[in-house]
Amino acid sequence: MQQKGTIQVFAIIFAVVCLYTLSFSWFTNSVEKDAAEYANGDQVKEQRYLDSMQSQVIYNLGITEYTYRECKEKELPLGLDLKGGMNVTMEVSIPDLLRSLSNNSNDPDFNRALALATERHKVSQEDFITLFGKAFNEVASNSRLASPAIFGYTLKDKGVTNQSSNEDVIAILRTEANNAIDQSFNVLRTRIDKFGVTQPNIQQLGTSGRILIELPGVKEPERVRKLLQGTAQLEFWETYNNVEVIEKLQEANDVIRLVLDGGKSDSTSKDTTTAKTADAGAKKVEKSKDDSTKNPLLAKGSAVDSSKKDTANGGLSEADKEKLRKENPLFSVLSPALTQDRRAADGPVVGFVLIRDTAQVNKYLAMPQVKQKFPRDCKFAWTGTAYDKDKTVLQLVALKGKDQPPLDGSAIKTARMELSQINNKPEVSMRMHPDGAEVWKRLTRENIGKSIAITLDGYVYSYPTVQGEIAGGSSSITGSFTVEEAKDLANKLEAGKLPAPARIVEEAIVGPSLGQESIDSGVLSFIGAILVIIIFMVLYYNNAGFVANIALVANIFFIFGVLASLGAVLTLPGIAGIVFIIGVSVDANVLIFERIREELRKGSGLRLAIADGYSHAYASIIDSNLTSLLTGIILYIFGSGPIQGFATTTIIGICCSMFASIFISRLIYEAMLGRNMSIKFSMPWSANVLQGTNFDFVGKRRLFLFATWAIIGVGVVSMFVRGFTFGVDFKGGRSYTVKFDQVVQAEELAKTLAPSFDNIAPQVKSFGGDKTMKIITSYRIDDDQQSADGEVEKLLIAGLDKLNGNKYEILTSQKVGPTVANDIKVSAIWAVLFSIIGIFLYILVRFRKWQFGLGATVALLHDVLMVLTAFTLLHGYVPFTLEIDQGFIAAILTVIGYSINDTVIVFDRIREYINERVVKNRSLEETINEACNNTLSRTVITSLTAFLVLLVLFLFGGDTIKGFAFAMLIGVIVGTYSSIFVATPVVIEFGGGDKLLKK
């Protein structure tokens, strides 16, 4: 064996590096075990213990030391499906960015193009800027984006001039969009870093404008949603006093009544309460010094007061309420801010509105006739927190200013949560940059005795009355904050605002209990697979099997070491990938062993047989592994999230497998030969298994082709008639996995939940038993509001609470927006196509005959169609979910890799025989038939080991990957079949007779 010393040195260094990188996990696990024992189930106590260990040295190598925090950063991280937590994909809203860059242009061509591009973006793979440019040229072929009404004025500092073409402006917009995405990424990363999550992962997903964020261990998803989606647009506004506005509200009420009444006026129909309000607005207000006496909830018969009585079966009758709505539409939903003696209250708050009525008030205040009644620089904003203890009422605040506030969040230098010295409640303390401090000084000087409203993302969080000029740039935001809310607000302010809204378009939440179940099932399948392979290899290959097992253990050790070195996250699909690699990694050893056994049967000595066996097997091993590696790379490129986890471990596993199988095992054999140790490659019963077979594969090829394509024909018919069950990631929607204490029926559960979702029953199906259900709904999936996700989950919980005491736990939740679902489908199709095309080109170059490439391609198409046939025929008839989702695509691509692996082995032997048999006057059919028979033992043994491993994964790997494992089981069977009964017949049919035998 050449370069044996070099290989030994490399293997030792490789092992040491892997051991070093994995050692961090050992030390962190030791600390966490101590914390669990100390806390005895108390999560708060356990976290405090771990917090106390953050800066403690727990790993001393002599030349360097590592604290617990440093070890935690270097350990092999667990994915969300193993640890629990939250995974979100955020998308920067480019349409909102364009509106902002155009200063909310009212140009009809601009808005039509924007709407058209938004609609097309749902089903297109092109970036939004390109779609917008095309849409604008369609709807306004004679207009220019550089016009002052669109971007001519707002982007003049960016290079837009009167001479700029639409293409020039689009190029500038693309640059601005890319900058916005980069800035959003940095802002979100800063927010996450300050959030306090251990081992977060945040990465940009290509140029799609999407950002992937993984937060292991998170238990407050709603808090995370608010933290990530809030733009943190902080603004400081001057305000109008209620006294200045209350009469205008009366006038607005009269105008609204006229508009709703079709322009008719009835001066005698005014409500007594409204008349009193108008009179009170005309009176001079005495300023109250005690905030507790301001703004009580309030006048008898007011909107808020009446609504609260309604909830207690009191208040106005339906007829009185209808009369109030008709005669005083605005005051039927808005209670004016009055003192106890019914005077206009002091301050910027002009009224109180039930949260459910805020949309109606917004609609009224947006009427052009109503806007004319207020000063041109008067605008209204809602408070960000509820006013009352029941959290049902918001305040309406009157702001003073035009489009831009006198001061915004760019002035903030630092922000932090503090406890107020007055009432010990959480508040956010801020310090400003010098320029901002000067503006703040002027602003406070000019508004002494008045209020300044501090708004965040358009909501008022505080409106303090200025007592005097404030120098130095200090200020604070007070409100009904919890400590966590104040910390998150300070976090967002210090990290900076997002340049454009970023919305969650895909989300997955895994509860900690499911994470533990995943770990248990993953470990069980992992250990089971190892035991199956170890036992089989020893029983079939004697003590040579021990060598293969040592190489296998080394391979697994190297895989985990490389994962830790790269900082790759270990997920449940990743464990599935390792389990599968355990099966296919044996393939190289089986190939080598079968070659060595052939040489031994020819009478070669042991040393020569081993050398020749390795020599003859190299080409086949490299070909088969490179094709599998190719599919793994394509899977990594086109996949996302858990699919990339599977692809990562598969790619690393293939590389480590080649090294361990070829070099580690060879080094062991060399050592054994050097000690004159006996090496046996078979047991007495297995020595001649499948030897000397002479099956007429070629002669029966058309019969097999007809039978297999007949089955596929039935499957194609079923695809159109029965269709498939598509997962959420392919069709969009929200999916929840719920575990119950008692047995539930899917149909009854769907009926129970229907009222929660506007009487549209969700899809409910069993998920691994009659106590665990997967609930899928598309309710409000197009809703871009930040609160939509939390509100839908509350509706689900409200529906589940109706199950008469059947306790439940939401194990996982997943959300996939329609745009993301379309992108996933398109990416999946391209992944499969590129895999097949790539393999065709590789086979074409490697074997230099297009017939081999065609045979391999047809075989792969056959395998894909057969798996699809199984899924369409069996879904609904088997006790587990057969969904077409990302996991299924991962299985399809892995099947492609496995199938081509087997096909290449057969083709390699055919090529070898062709080169040998040209001078022996053997026909192409005879040559191929002999090659297939001589590789039969290797084909069967490899397929059997892979099948056994996958069977373990299917039985013990957990419900979440059962469909994946089933697809793989079918794939191994049809992949083995197609190598002989599909790929080789195609080579014969298109080989041009014996012309293929010619070099």
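None of these values were measured; they are calculated from a predicted model. Position labels on residues start from 1 in each chain and follow its written sequence. With the structure being a predicted model, the display of local features is reserved for residues of pLDDT at least 70 and the display and counting of side-chain atom pairs for 80 or more, all residues being used for whole-chain, interface and lining totals. Heavy atoms throughout the structure, all of them, feed into the side-chain values; hydrogens and water do not.

With that out of the way, let us pick up the overall build of the protein chain. Along the protein chain, the regular secondary structure elements total 32 helices and 23 strands. Using a 1.4 Å probe on the protein chains alone, a residue whose accessible area is under 20% of its type maximum counts as buried, one over 50% counts as exposed, and one in between counts as partly exposed. A buried classification covers 54% of the 999 residues belonging to the protein chain. The long-range share in the protein chain, meaning contacts at least 24 apart out of those at least 6 apart in sequence, stands at 75%. Each helix corresponds to a stretch of at least 4 residues labelled H or I by DSSP, and each strand to a stretch of at least 2 residues labelled E; elements are numbered beginning at the N terminus. Contacts were defined at the residue level, with two residues in contact if any of their heavy atoms lie within 4.5 Å.

Right, let's get into the sheet that holds strand β12 (residues 412-419). Pairing in this open sheet of 3 strands is antiparallel, and the strands run β12-β13-β16 from one edge to the other. With one partner strand each, in any of the chains shown, β12 and β16 (474-477) form the two edges of the open sheet. Each strand axis lies, on average, 25° off the axis of its neighbour in the sheet, ignoring direction. A pair of strands is labelled paired if DSSP reports no fewer than 2 bridges between them. Inspection of the sheet shows strand β13 (residues 426-432) paired to β16 by 4 bridges, in the antiparallel sense. Bridging from a neighbouring strand, serine 429 pairs with serine 476 of β16. Note on method: axes are straight lines fitted to C-alpha atoms, helices fitted across the in-contact stretch only, with angles between N-to-C directions ranging 0 to 180 degrees. Sitting on the sheet, helix α16 (residues 434-446) is in contact with β13 and β16, with an inclination near 110° to β13.

The span expected for a helix works out to 1.5 Å for each residue beyond the first. In a regular helix each residue adds 1.5 Å, so 30 residues correspond to 44 Å; helix α27 (residues 818-847) covers 43 Å between its end C-alpha atoms and thus fits that length. Among the residues trailing α27, arginine 848 stands out with phi positive, at a value near 60°.

Moving on to helix α25 (residues 746-753). Residue pairs three or four apart in sequence face the same way in an α-helix, which turns once every 3.6 residues. Of all the positions in α25, only Leu749, Ala750 and Leu753 are classed as buried. Across the axial projection of α25, the buried residues extend over an arc of 100°, all falling on one side. Relative to its buried face, α25 has exposed residues pointing more than 90 degrees away, namely Glu747 and Lys751. Of the surrounding secondary structure, the elements contacted by the buried residues of α25 are β19 (733-740), β20 (763-766), β21 (772-777) and α26 (788-800). This arc corresponds to the set of directions leading from the helix axis out to the C-beta atoms.

One speaks of a salt bridge when a side-chain nitrogen belonging to Lys or Arg is within 4 Å of a carboxyl oxygen belonging to Asp or Glu. Tallying each qualifying case throughout the model produces 24 salt bridges. A salt bridge links lysine 158 to glutamate 176, with the shortest nitrogen-to-oxygen separation between them at 3.9 Å. Of this pair, lysine 158 sits in the loop between α7 (128-139) and α8 (166-195) while glutamate 176 sits in helix α8; the two residues are 18 residues apart in sequence, bridging distant segments of the chain. Judged by its relative accessible area of 16%, glutamate 176 falls in the buried class.

Counting buried positions along strand β17 (residues 502-510) gives 7 out of 9 residues, so the element sits mostly inside the fold. Bridge analysis of strand β3 (residues 85-92) against β17 gives 8 bridges, and the strand direction is antiparallel. When the sheet's bridge partners are listed, asparagine 87 is paired in β17 with alanine 508. Bridging between β17 and strand β22 (residues 808-816) involves 5 bridges; their strand directions are antiparallel. Within β22, the position partnered with glutamate 507 by the bridge is lysine 815.

Attention now moves to the packing of aromatic side chains. Classification of ring pairs uses Phe, Tyr and Trp, with its six-membered ring standing for Trp, and accepts pairs whose centres are within 6.5 Å; under 30 degrees between planes counts as stacked, over 60 as edge-to-face, and the remaining range as tilted. Under the counting rule described, the total for this entry stands at 41 aromatic pairs. Between tyrosine 20 and phenylalanine 24 the ring centres are 5.1 Å apart and the planes differ by 75°, which places this aromatic pair in the edge-to-face class. Of the two residues, tyrosine 20 and phenylalanine 24 are both situated in helix α1 (residues 4-39); the distance of 4 residues between them amounts to about one turn of the helix. For phenylalanine 24, a relative accessible area of 2% puts it in the buried group. A connected cluster of aromatic rings, assembled from ring pairs, spans Phe536, Tyr540, Tyr541, Phe593, Tyr614, Tyr618, Tyr669, Phe681 and Trp685. Against the face of tyrosine 614 rests arginine 666, its NZ or CZ located 4.9 Å from the ring centre. Only when the NZ of Lys or the CZ of Arg is both within 6 Å of the ring centre and within 35 degrees of the ring normal is a charge said to sit over the ring. When the ring centre of phenylalanine 954 is taken as reference, the NZ or CZ atom of lysine 962 above it lies at 4.7 Å.

Time to look at a nonpolar patch on the surface. Patch definition: residues with relative accessible area over 30% and no salt bridge; like charges joined within 9 Å; nonpolar side chains (Val, Leu, Ile, Met, Phe, Trp, Tyr) joined within 5 Å. For the accessible areas, the method is Shrake-Rupley and the probe is 1.4 Å, while residue cover comes only from the protein chains on display. Where nonpolar side chains cluster on the molecular surface, the patch consists of Val523, Ile527, Leu531, Ile535, Leu539 and Trp685 and spans about 610 Å² of accessible area. With respect to the secondary-structure elements, tryptophan 685 resides in the loop between α22 (642-674) and α23 (701-721).

We define the nonpolar core as a collection of buried residues of types Ala, Val, Leu, Ile, Met, Phe, Trp, Tyr and Cys that are connected through side-chain atoms lying within 4.5 Å of one another. Counting 144 residues, the largest nonpolar core has Phe593, Tyr669, Phe888, Ile896 and Phe964 as the members making the most contacts within it. Broken down by element, this core gets its largest block of residues, 17 residues, from helix α29 (residues 886-917). Setting aside residues no more than four positions away along its own chain, tyrosine 669 makes contact with Ala544, Val547, Phe593, Tyr614, Ile679 and Phe681.

On to unusual backbone geometry, then. Backbone geometry places asparagine 104, a non-glycine residue, at a positive phi of 55°. Its location among the elements puts asparagine 104 in the loop between α5 (94-101) and α6 (108-121). Residue asparagine 104 is classed as exposed on the basis of its relative accessible area, which comes to 54%. Here the phi dihedral of asparagine 759 falls at roughly 60°; this positive angle occurs in a residue that is not glycine. Tracing the sequence through the fold places asparagine 759 in the loop between α25 and β20.

Let us now look at the sheet that holds strand β5 (residues 210-216). If you walk across this open sheet you meet the 8 strands as β4-β5-β3-β17-β22-β19-β21-β20, and the pairing is antiparallel. A strand with exactly one partner marks an edge of an open sheet, and here the two such strands are β4 (201-205) and β20. Across the sheet, the mean angle separating the axes of adjacent strands is 20° when strand polarity is ignored. Where β4 meets β5, 5 bridges bridge the pair, whose relative direction is antiparallel. Looking at the pairing, isoleucine 202 lines up with isoleucine 213 of β5. Packed onto the sheet, α26 meets β17, β19, β21 and β22 and runs at close to 35° relative to β19.

Within the element layout of this structure, phenylalanine 840 appears in helix α27. As a C-alpha pair, phenylalanine 840 and isoleucine 900 span 60 residues in sequence and 10.0 Å in three-dimensional space. Non-local contacts of phenylalanine 840, meaning those with residues more than four positions away in its chain, are made with Trp850, Gly853, Leu854 and Thr857.

Further remarks concern the state of the cysteines. In plain terms, two cysteine sulfur atoms within 2.5 Å form what is called a disulfide here. Taken as a whole and assessed by the stated rule, the structure comprises 0 disulfides. A disulfide-free cysteine, cysteine 655 has its sulfur positioned 6.8 Å from the sulfur of cysteine 656, the nearest such atom. Given a relative accessible area of 42%, cysteine 655 falls into the partly exposed group.

This paragraph deals with the side chain of serine 657. Tracing the chain through its elements places serine 657 in helix α22. Beyond its immediate chain neighbours, meaning those up to four positions away, serine 657 contacts Asn555 and Ser585.

Averaged over all residues, the pLDDT of the protein chain is 80; the fraction at 70 or higher stands at 89%. Note: pLDDT gives the predictor's confidence per residue, expressed from 0 to 100. Predicted confidence is poor over residues 265-301, with pLDDT under 50, and the contacts of this stretch with residues over four places away or in other chains come to 58 contacts. Ignoring residues within four places in sequence, the model shows residues 307-314, a span with pLDDT below 50, making 12 contacts including any to other chains.

Next up on the list: the packing of α23 against helix α28 (residues 850-874). α28 packs onto α23 with a crossing angle of 50° between their chain directions and a minimal axis gap of 9 Å. Compared by their axis directions, α23 and α28 come out oblique. Seen from above, α23 lies across α28 with left-handed handedness. Between α23 and α28, the contacting residues are Thr708, Trp709, Ile711, Ile712, Val714, Gly715, Ser718 and Met719 on the first element and Val858, His862, Leu865, Met866, Leu868, Thr869, Thr872 and Leu873 on the second. Put simply, Ala, Val, Leu, Ile, Met, Phe, Trp, Tyr, Cys and Pro go in the nonpolar bin, Asp, Glu, Lys and Arg in the charged bin, and everything else, Gly too, in the polar bin. Here the contact of α23 with α28 is built from residues that sort into 10 nonpolar, 6 polar and no charged. Angular relationships are summarised with four words: roughly parallel below 35 degrees, roughly antiparallel beyond 145, roughly perpendicular across 65 to 115, and oblique for the angles in between. Crossing handedness: left-handed means the near helix sits turned counterclockwise from the far one by under a right angle, and right-handed means the same turn made clockwise.

Counting through the fold element by element, methionine 719 comes out in helix α23. For the pair formed by methionine 719 and leucine 873, sequence separation is 154 residues and the distance between their alpha carbons is 8.2 Å. In contact with methionine 719, not counting residues within four places along its chain, are Phe724, Leu865, Leu868, Thr869 and Thr872.

Another aspect to go through is the environment of isoleucine 829. Here isoleucine 829 shows up in helix α27. Sequence separation between isoleucine 829 and isoleucine 889 is 60 residues; the distance between their C-alpha atoms is 8.8 Å.

Turning our attention to the packing of α5 against α6. Running from N to C, α5 and α6 cross one another at 170°; their axes reach a closest spacing of 11 Å. In this view, α5 runs roughly antiparallel relative to α6, as classed from their interaxial angle. Contacts between α5 and α6 involve Pro95, Leu98 and Arg99 from the first element and Phe110, Leu114 and Thr118 from the second. Of the residues belonging to the contact of α5 with α6, the class tally is 4 nonpolar, 1 polar and 1 charged.

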